[in-house]
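# Per-entry structural report
Spelled out from the first residue to the last, the chains are:
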2 protein chains.
Amino acid sequence: MSVKIFCGQMDVVPGRPDLNFNMMRLLAAAAREEGADILVLPELCLPGYLIGDVWEQQSFIDDCLYYTRQLAAEARGLVLIFGSVAQEKNKRHEDGRPRKYNAAFVCQDGRLLQGHLGRNFFIKTCLPNYREFDDARHFYSLQKLCAEEESSVEDTLQPLRLKIKGEEVRIGLLLCEDGWTENYHLNVPRLLAQHGAQLLINLSASPYSLGKNRKRHRLFGAQAEECGVPLVYVNNVGSQNNGKDIFTYDGCTSAYAADGTLKASAPMYAATVLRLDWEPAARFIDSPQGITPPPRETEAIFQALQYGSSLFLKQCGIKKMTVGLSGGIDSAVAAALYCHILGSENVLLLNLPSMYNSELTRSLAAEVAENLGANYAVLPIGESFSHTVKQLKETEICDLSCGKTFHLEPAPLVLENIQARDRGARLIAGAAAAFGGAFSCNSNKAEISVGYATFYGDICGALAVLGDIWKHQVYALGRCLNEKVYGKEVIPEQIFTIRPSAELSSAQTVGTGGDPLIYPYHDHLLQAFVENWHKSTPLEIARLYAKGAEALAEELKCDPQVIKEIFDGPAAFFADLERWWKLFSGFAVAKRIQAPPIVAISKRAFGYDHREAQLTPYFSREYLALKEKLLGR
Amino acid sequence: MSVKIFCGQMDVVPGRPDLNFNMMRLLAAAAREEGADILVLPELCLPGYLIGDVWEQQSFIDDCLYYTRQLAAEARGLVLIFGSVAQEKNKRHEDGRPRKYNAAFVCQDGRLLQGHLGRNFFIKTCLPNYREFDDARHFYSLQKLCAEEESSVEDTLQPLRLKIKGEEVRIGLLLCEDGWTENYHLNVPRLLAQHGAQLLINLSASPYSLGKNRKRHRLFGAQAEECGVPLVYVNNVGSQNNGKDIFTYDGCTSAYAADGTLKASAPMYAATVLRLDWEPAARFIDSPQGITPPPRETEAIFQALQYGSSLFLKQCGIKKMTVGLSGGIDSAVAAALYCHILGSENVLLLNLPSMYNSELTRSLAAEVAENLGANYAVLPIGESFSHTVKQLKETEICDLSCGKTFHLEPAPLVLENIQARDRGARLIAGAAAAFGGAFSCNSNKAEISVGYATFYGDICGALAVLGDIWKHQVYALGRCLNEKVYGKEVIPEQIFTIRPSAELSSAQTVGTGGDPLIYPYHDHLLQAFVENWHKSTPLEIARLYAKGAEALAEELKCDPQVIKEIFDGPAAFFADLERWWKLFSGFAVAKRIQAPPIVAISKRAFGYDHREAQLTPYFSREYLALKEKLLGR
C-alpha cells in the first residue's frame, strides 16, 4: 500500500488563529482534492509560537480550542494532523493557571483520535528552555503529566495507529524538540520506533539560524537510520518575534529515507506543500519534488534578512522607510536592502552632514542614492548643532538652594553624541514621520556588542536589519547585493575599501582616523563572547593567547597576522580585552535594552535569545591570575 | 536543647560572587562570635539570581564553585547553610551545557555535608517558570534528576540531619518555590515534615511586589501549622534586574511558630541578621527581635522605588540626574524622588517650554524646583522646533529615479512628536551628558500601557522610576512625598488638581484640553489587561459591561459613576475599549521594546515579567459576537 502524505509548509501568522484556521481549511480542502491520505501541518500552526504571554489570555486559548474542534469536525476524506494548544481547565499548570499543552491533534472522520493517556491529543514530551524558547513557562510536558499520573513515559510513548484504506499504519508523532533529544534522558524517536512506528513525523516550528539546516539533516538522517524507518520533518514559514528578536521560519520541510538519506526538501521561505509517497511495509518514502539545494552563507543571510524584515514591516503596516546614509558600508547595505524590499520609490535616503563629514563620504552617499534611484535629500545638521551647543553653554542654570548660577560645559564626547542625536531623533525621525512609515537603525552586531552607538542617535529606529550580522558579514552582504541581487554596482567599490569611521569629530574623519573596533579581530572576539555555546569570557581568550596568536586565531577563526599586528605584547592584548569586555558586559547592555528589534539569524542574537541583566563587569579569579602571570608581575 | 539560628538577610550583589563571598565570610565570623549554632543565608546568595545568561559562562560558575569550597573549608564552630549554584560537569543539562542545579549547601566542621542522591548539596525540587523566573532554562530540578536516576522524589525528600551540641536535629530545607507548591503535584514541605523534619527553613531570593508579603505570611503560616513545625523564611535584600525590570529584594526574613503564628520578621530592605531561638523538642521558635510592621501601600511603593532606583543608579555609577519638568504630576514626583535619593545638588531640573505651554504649568514647574532647592533652568524649544520644521518643509527631496523634486509636509501629530523629541533627545539628553550622569524617563504605567509617549522623546532615559505605577498611584506617591518624606508641600497643591495634558498643541494646553486617557477608568481597565493573573481581554471586560456599570466597576475596582459618565452607551464603550486594546496589544508593544528599564513593584510589570511579541491586535470570536449583540446589530 502506498500512502500519500502532504506536508503543508504553511505561513503561520502568530497570534491569529482566525487567519491560520482559514489557511488550514484551504490546505485541507486542496489536499483532499488532490487525493492525499494524510495532511500534516506544523507545530502550533493554529495559534503561532512566539506570542509572548498572550498564552495567558483565556479568550485567545478558547478560540484555538474552538477552531481545533471545527477542523476536526470538517476533517473528512483524509487524515489531518496538526499542532496547536490543548487545555485542561480542571487541572493547574505550575503557575496556577489552567493547564496547557503543546500538542498534536489527529483528525479523521469528523473527530479527534485518541492520543496520550486518554486525551484526544498527543503531548510534547521534551520542552525546550534555551535561546528564545520558554516552553516550560506555558506548557506542561508529557514527562510531568506521566509523573503526576504515575504512568511510565516510556510506555506512554506509543505510535499513532491509523486506519488508511482499511490497513493499520503506525506513525510516531514528534513535536519539534522531541526529535532533538541527545541531551535528554529520554530518546523519544527511538522509543516510538521500538514501539512499532513505521514512520516518524516531526511537527516543528523551528526558526532559521545559520547552519541549523545542515545540522538538522545530519541529526535527522542519523535518527531515521538508527530507528530504521523514514522520517518526515514539517516546518512552517513566516516570521515570528519575541519583541526584541524577529525570527524567520524557513520551512525546509524534508523527508529522510530509512537509511538516513535526504529524499526531499521543500524550498526555503515558500508557503508550499511537499507531497510524499510512503510505503509502510517497504519502509519506503519518496517525493516527486526532489531536494532544494541550500543557499551559500551570504545568500542565506540575504534571504533571511529580506524575508524577515519584509514580513515584519508588513505586519507593522510600514510601507516606507527612511534611511540615514553616511557614505559608509552599513547604511549603504541597509539602503540597498530596503530599496529591494519596499521599492526605491518608498525609500527616503538622507545624508546629514556636519563639518566633520568628508567630501568623499558625502559623494559616496549621493552615488548610492543615485544608483538605487531612491528619494534623496541632504539635510545638514550644522546650524541645529551650533544652536544646541549655544543653548546648553549659554543658558544660566540656577542652584536654587543658594541662588548661585553656573553654565554647562559639554565635553568633546558630549558634542559627538549631540550630533548623532541631531541626526537620528531630530531629522531622520521627523522626516520619516512626514514621509510616512518608519526609519532604519543601521547598527551591526559588532557595534551593538560594545554599544558603539549613541542612545536615541544611531541606535534607534523601527528595525535593526543588520543587528545580528558582524561587520565582515555586512561587507559580504554588500557584495552579494551588488552581484546577485542588483546585478550592478549599486554600492560603489570605494565604500568597501575606506576605513570605517563615525566622522563625529576632526579625529574621526575618513582619512585621518577610524572606528576603534578593528573588525578583522574584534568581530571574532565579540562573536566568541556571545555566540559560543560554551560562552567565552576573558579567561578562555587569555588562555588561548597564552598559547600564541595562532592558537587564538584558530579558535576565533580569524587571521593570526591581524592579532600579531594589533598587539605588540601582552599589555596591549589585555588592555584591549578588558576594554571591550567591560563595554560588552557593562554599558552596552544598557543600550541593548533600549535598542530596536533585530532580525535574528545567528546561533545567538542579542535581545531575548541571549538574555541579559545590567550587571557590573566581572573578571574571574583564574583570568586575573593568568593575566598577572603573563604580564610578568 | 536550644539552637541559636542566625538568618543573614544579606545584600546580594548579582553577578559578583567575589563580593558576596566576602560578605558571607564576614557574616559567618560575626555569627560564630555571637554564639550562633547555625547561620542561614538566602538562595543563590553567592552568584545572585537575575544574572541573565551569565549562567552560561563556565568561568563564572567555576568561581562560584571555588568560593563554595572555600566557605565549606572555613566553616568551623557553626553550621553554615546557604544557596548557590552546583554543577556536574560530567552530566548535561537539556540544552547540552554542563548541568547546573539551584542548590543549598550545608557546611560543618570544614566540609560539605551529604545532600540529595549522594551529592554534597540539596537540589531545588520545584523550579518556577513564570513572571521573571526562568529556572528551567538554567537549572536541572530534583524531579528531573530523580526521573533520570529512577529514584522516587517522595523518598528523596529527606530532612537534613545535623549534629548540634551532640544531639541530632532534623531540618527540612526548601529553596524558595519549594514552599509555594499549591499548584505542583508534590507538596515539598509536607513530605519533609512527614519524613521527620522538626523545622522547615526556606532559603529564598524572592523579589518584592505589592501584597506579596501578606500572601506569604498567610501561606507560610498555614504551611507551618499543617506541618506542625516552625518555619523560617530567609530572603535577601538588594536589587537585581533582568534588563528591562529592576526588582527590589525586601528581605522580610520571618519565623513562623508551629501553630502558624508569625513570631518575628526583619525590617524590609535592611541588610541585617534575624536571630532565632529554636527548641527542636518543644517545636518552639522565637526571637528577641519581634515583628516589623509592614508599611501601608503608598509608603511601600515609595520605599520600593526609592530603594530600587538608588541601588540601580549606584550600580550604574550614576550620581546625577536630569529631569524634564513640565509642571505636571509625573515629572514633579520624579523630581522629588531623585532629589531625595541623590540630593538636590545632584539634580538638574529643566523646564522646556514651547508656545503651547501655559503660564500656569511653567510657573508650577519653577515652584517645584524652588521647593526642592535643585539646579534649575528654562530651555525653550521654540527656535529649534521652527528650524526643524523649516528644514523638513523647505529641503528639496529628489526622486532620483526621474529627477523630480518634492517637499515634505509634516502633519500635526508629526509636529507634536518633533517637540517631544526636541525636548528629550536634543536638550535633556545633551544637558544631562554635560551635567554628568543620566536623565529620567517620567512615564507612568498607564502611558506605557498604550504607548502614550513619543519614541526618543519622553519614553527615553536611564530609568523609568514611575514605569510600574498607575496614574492614581503617582498622585498618591506625590502626597506621600509631601506629607511623609519632605514634611512640606514640595509639590504644589495645584499640580494635583489640574487636568493632565501633554501641551503639545493648541488643543492640548492646560485649560483647553487634556490627555485622552481618563485615568479613573483607564488606569483600572489597563491594569486588568496586564496585571490580572487570569488576563482580562476585551471579552471579559465586555461581559462585565453587559451586566452593568456596577459589575464592571466592582471588578476593575473603580467608581461606577465614572463609567456611566464617560460612556453614553454601548457604542462609546466599545469604541473606547477597542481603541485602547489595539494600542495596548499593538503599537505600544513596539514602544515598550525600546523603553527604559523600570522599577518593578506590581504583580506584573512590563518588560521581562510580562513578555510580549509584536503582533496584530486580536479580538476573540466571543467578544465580536457579544459586541454585535450589545450594539443591537
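Residues numbered from 1 in each chain as written. Chains lettered and ligands numbered in written order. Predicted model: local features only at pLDDT ≥ 70, side-chain atom pairs only at ≥ 80, totals over all residues.

With that out of the way, let us pick up the overall build of chain A. A tally of regular secondary structure across chain A gives 22 helices and 24 strands. In terms of overall dimensions, chain A is globule-like: its C-alpha atoms have a radius of gyration of 28 Å, near the 26 Å expected for 633 residues. When the backbone C-alpha atoms are referred to their principal axes, chain A occupies close to 90 × 60 × 60 Å. Evaluated residue by residue, chain A yields a buried proportion of 60% over its 633 residues. For chain A, the proportion of contacts with a sequence separation of at least 24, taken over those separated by at least 6, is 71%. (Helix = DSSP H or I, 4+ residues; strand = E, 2+ residues; numbered from the N terminus. Rg over C-alpha atoms; globule rule 2.2 N^0.38 Å. Buried ≥ 20, exposed ≤ 12 C-beta atoms within 10 Å, placed from the backbone. Contact = placed C-beta atoms within 7 Å.)

Moving on to the relation of the copies chain B and chain A. When chain B is fitted to chain A, the residual RMSD is 0.0 Å, and the transformation amounts to a turn of 180 degrees plus an axial shift of 0.0 Å. These values place the two chain copies in the arrangement generated by a two-fold rotation axis. Scanning chain B for the C-alpha nearest the rotation axis identifies glutamine 594 of chain B, at a separation of 2.0 Å. When the interface residues of chain B are mapped onto chain A, 98% of them again lie at the interface, so the same face is used by both copies. (Least-squares fit on C-alpha atoms with pLDDT ≥ 70 in both.)

Attention now goes to the packing of helix α17 (residues 538-547) of chain A against helix α18 (residues 549-556) of chain A. Residues and elements named next belong to chain A. Axis separation between α17 and α18 bottoms out at 5 Å; the angle between their running directions is 135 degrees. One way to sum up the angle between α17 and α18 is to call them oblique. Across the interface between the two elements, Ile541, Leu544, Tyr545 and Lys547 of α17 pack against Ala551, Leu552 and Glu555 of α18. Residue composition of the contact of α17 with α18, by class: 5 nonpolar, no polar and 2 charged. (Axes fitted to C-alpha atoms, helices over the stretch in contact; angles between N-to-C directions. Parallel < 35°, antiparallel > 145°, perpendicular 65-115°, else oblique. Nonpolar A, V, L, I, M, F, W, Y, C, P; charged D, E, K, R; others polar.)

What follows covers the confidence of the model for chain A. On average, chain A scores 97 in pLDDT, and the residues at 70 or more come to 99%. The complex prediction reports pTM at 0.97, with the ipTM value standing at 0.97. (pLDDT = per-residue confidence, 0-100.)

What follows deals with helix α9 (residues 329-342) of chain B. Residues and elements named next belong to chain B. Over its 14 residues, α9 runs 20 Å from end to end, which matches the ideal 20 Å to within 8%, given 1.5 Å per residue. The complete set of buried residues in α9 reads Ile329, Asp330, Ser331, Ala332, Val333, Ala334, Ala335, Ala336, Leu337, Tyr338, Cys339 and Leu342. Looking at the residues trailing α9, positive phi occurs at glycine 343, about 90 degrees. (Expected span 1.5 Å × (residues − 1).)

Our focus in this paragraph is the nonpolar core. Here is a general trend for soluble globular proteins: nonpolar side chains tend to be buried in one another's company. Judged by nonpolar contacts, the single largest core of 434 residues is most densely connected at Ala335 of chain A together with Ala335 of chain B. When near neighbours in sequence (up to four residues on either side) are disregarded, alanine 335 of chain B contacts Val323, Leu325, Val347, Leu349, Val368, Leu372 and Ala374 of chain B. (Core = buried A, V, L, I, M, F, W, Y, C linked by C-beta atoms within 7 Å.)

This brings us to unusual backbone geometry. With a phi close to 60 degrees, tyrosine 269 of chain A is a non-glycine residue in the positive phi region. With 23 C-beta atoms packed within 10 Å, tyrosine 269 of chain A lands in the buried category. A positive phi is found at leucine 44 of chain B, a non-glycine position, where the angle reads about 45 degrees. One can find leucine 44 of chain B in the loop between β2 (38-40) and α2 (58-74).

With that settled, consider the sheet that holds strand β8 (residues 167-175) of chain A. All names here are of chain A. With respect to topology, 6 strands assemble into an open sheet ordered β7-β8-β9-β10-β13-β14, the strand pairing being mixed. Here the strands that pair on one side only, and so sit at the sheet edges, are β7 (160-164) and β14 (262-265). Strand after strand, the sheet turns through a mean of 25 degrees between neighbouring axes, direction not considered. Across 5 bridges, the pairing between β7 and β8 is antiparallel. Counterpart to leucine 160 in the pairing with β8 is isoleucine 171. Packing of helix α7 (residues 212-227) onto the sheet brings it into contact with β9 (199-204), β10 (231-235), β13 (254-256) and β14, and relative to β10 it is tilted by some 145 degrees. (Pairing = 2+ DSSP bridges.)

Tallying the contact residues gives 104 residues for chain B and 102 residues for chain A. Here the element with the most residues in the side of chain B that touches chain A is helix α12 (residues 412-435) of chain B; it accounts for 13 residues. Of the residues contributing to the side of chain B that touches chain A, the split by class is 44 nonpolar, 34 polar and 26 charged.

Moving on, we get to the pairing of strand β11 (residues 237-241) of chain A. Residue and element names in this part refer to chain A. The element β11 is extensively covered by neighbouring structure, given that 5 of its 5 residues are classed as buried. Burial along β11 is two-sided: the face carrying Val237, Ser239 and Asn241 and the face carrying Gly238 and Gln240 are both buried. Direction of pairing for β11 relative to strand β12 (residues 245-250): antiparallel, over a ladder of 5 bridges. Looking at the pairing, glycine 238 lines up with tyrosine 249 of β12. The turn joining β11 and β12, which pair antiparallel and follow one another in sequence, is formed by 3 residues; a positive phi near 100 degrees is taken by glycine 243.

Turning our attention to the sheet that holds strand β14 (residues 262-265) of chain B. Note on sheets: strands pair through backbone hydrogen bonds, and any given pair is parallel or antiparallel. All names here are of chain B. Across the sheet, 6 strands lie side by side as β7-β8-β9-β10-β13-β14; this open sheet has mixed pairing. For this open sheet the edge positions go to β7 (160-164) and β14, each flanked by a neighbour on one side alone. Averaged over all pairs of adjacent strands, the angle between their axes in this sheet comes to 25 degrees, without regard to strand direction. Pairing geometry for strand β10 (residues 231-235) and strand β13 (residues 254-256), over 3 bridges, is antiparallel. Each bridged residue has a counterpart across the sheet, and for valine 232 the counterpart in β13 is alanine 255.

Attention now moves to the domain arrangement of chain A. Residues and elements named next belong to chain A. With domains assigned, chain A is organised as domain 1 (3-293) and domain 2 (301-630). Measuring from the centre of the C-alpha atoms in domain 1 to the corresponding centre in domain 2 gives 40 Å. Each side of the interface is counted separately: domain 1 has 17 residues, and domain 2 has 17 residues. Residue assignment for the side of domain 1 that touches domain 2 shows that the elements contributing at least two residues are β11 and β12. (Domains from an automatic or database assignment.)

Take the environment of lysine 488 of chain B next. Here lysine 488 of chain B shows up in the loop between α14 (471-486) and α15 (493-497). Given 10 C-beta atoms within 10 Å, lysine 488 of chain B falls into the exposed group.

Residues and elements named next belong to chain B. When you line up the elements, alanine 224 lands in helix α7 (residues 212-227). Given 29 C-beta atoms within a 10 Å radius, alanine 224 is considered buried. The spacing of alanine 224 and arginine 275 is 51 residues in sequence and 19 Å in space, taken between C-alpha atoms. Excluding residues within four positions of it along the chain, alanine 224 makes contact with Val229, Pro230, Leu231, Tyr256, Ala257, Ala258 and Gly260.

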